[in-house]
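# Breakdown of the fold
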Amino acid sequence: DLRGAVLVTGTDTGVGKTIVTAAIAAAASSAGVEVAAVKPAQTGTAEGLPSDMEEVVRLAGPGLATTLVDYPDPLAPLVAARVAGEPALELYDTVDAIRPLVKERDLVLIEGAGGLLVPMGVRPGGEPWTVADLALLLGAVAVVVARAGLGTLNHTALTLEALRRRSVPACVVIGAWPDDPGQVHWTNLSELLP
């Protein structure tokens, strides 16, 4: 039973965070939970393709889905802001945009960009911040989306260790699953979700 602020992060980019965000939103909405979904920073949406939050709306139709900033290049958000010559996402502005939603809604899903420690924007002093910092400030729990293939055990362990060091409770979900899974996929599944 997820309530409050929930960070949906990944072990990497392209692991299925958006689909997992939509699945959680759909399940919660069908149980009568008021859901909002927030993407602090969207980068590199290809021409003619939906943004992550547009995809969440299409798949799950949460009561609210919003993106705070959108940068054109498919890069880490802080880097994408610099390349585009646009202002970087400020940490406390992001917290201030999300915190009221946490008070208004039963569940607020916050979809990160890439992995847990990707530079999202800047703090007031100019230092980079990550979605791990956002989770701490919002008192969020984390859903870690991992790929099924080779390398995922290490990537998942590193992500979970980083969350544990910050005292952010977390669980793991396997995201993208291949059409024709092999031994590595099945063994990783049993190792990650015993």
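In what follows, the accompanying structure is described. Sequence order as written defines the numbering, with residues in each chain counted from 1. Per-residue local features are limited, in this predicted model, to residues with pLDDT of at least 70; the limit for side-chain atom pairs, both in listing and counting, is 80 or more; totals at the level of whole chains, interfaces and linings are taken over all residues. With hydrogens and water excluded, all non-hydrogen atoms of the structure serve as input to the side-chain values.

### What about the pattern of salt bridges?
Selection criterion: When a carboxyl oxygen of Asp or Glu lies within 4 Å of a side-chain nitrogen of Lys or Arg, that pair is called a salt bridge. Helical segments are the DSSP runs of H or I of at least four residues, strand segments are the runs of E of at least two, and each set is numbered from the N terminus. Only protein chains enter the calculation, and the probe is 1.4 Å; a residue is then buried if its accessible area is under 20% of its type maximum, exposed if over 50%, and partly exposed in between.
For the structure on display, the rule yields 7 salt bridges. Linking Lys39 and Asp52 is a salt bridge whose minimum nitrogen-to-oxygen distance equals 2.7 Å. Residue Lys39 is located in strand E2 (residues 35–43), and its partner Asp52 is located in helix H2 (residues 52–60); the two are separated by 13 residues in the primary sequence. You can call Lys39 buried: its relative accessible area is 4%. The partner of Glu55 in a salt bridge is Arg58, and the shortest N-O contact between them spans 2.7 Å.

### Looking at helix H4 (residues 91–104)
Working note: α-helix, 3.6 residues per turn, so residues spaced by three or four point in the same direction. Worth spelling out the cut-off: One less than the residue count of a helix, multiplied by 1.5 Å, gives the span that helix is expected to have. Pairs of N or O atoms are called polar contacts if they sit within 3.5 Å, as long as, within protein, a hydrogen donor faces a hydrogen acceptor (for residues adjacent in sequence, only side-chain-to-side-chain pairs).
Over its 14 residues, H4 extends 21 Å from the first C-alpha to the last, a length consistent with the 20 Å expected when each residue adds 1.5 Å. If you check the start of H4, you find a side-chain oxygen 2.8 Å away from the backbone N of Tyr92, and it comes from Glu90.

### A word on the sheet that holds strand E7 (residues 128–129)
We count it as follows: Paired strands are those between which DSSP finds at least two bridges.
Here we have 3 strands laid out as an open sheet, ordered E4-E6-E7, and mixed in their pairing. One side of each edge strand has no neighbouring strand; the edge strands of this open sheet are strand E4 (89–90) and E7. Pairing analysis gives 2 bridges linking strand E6 (residues 121–122) to E7, with the strands arranged antiparallel. Looking across to E7, one finds that Val122 is bridged to Pro128.

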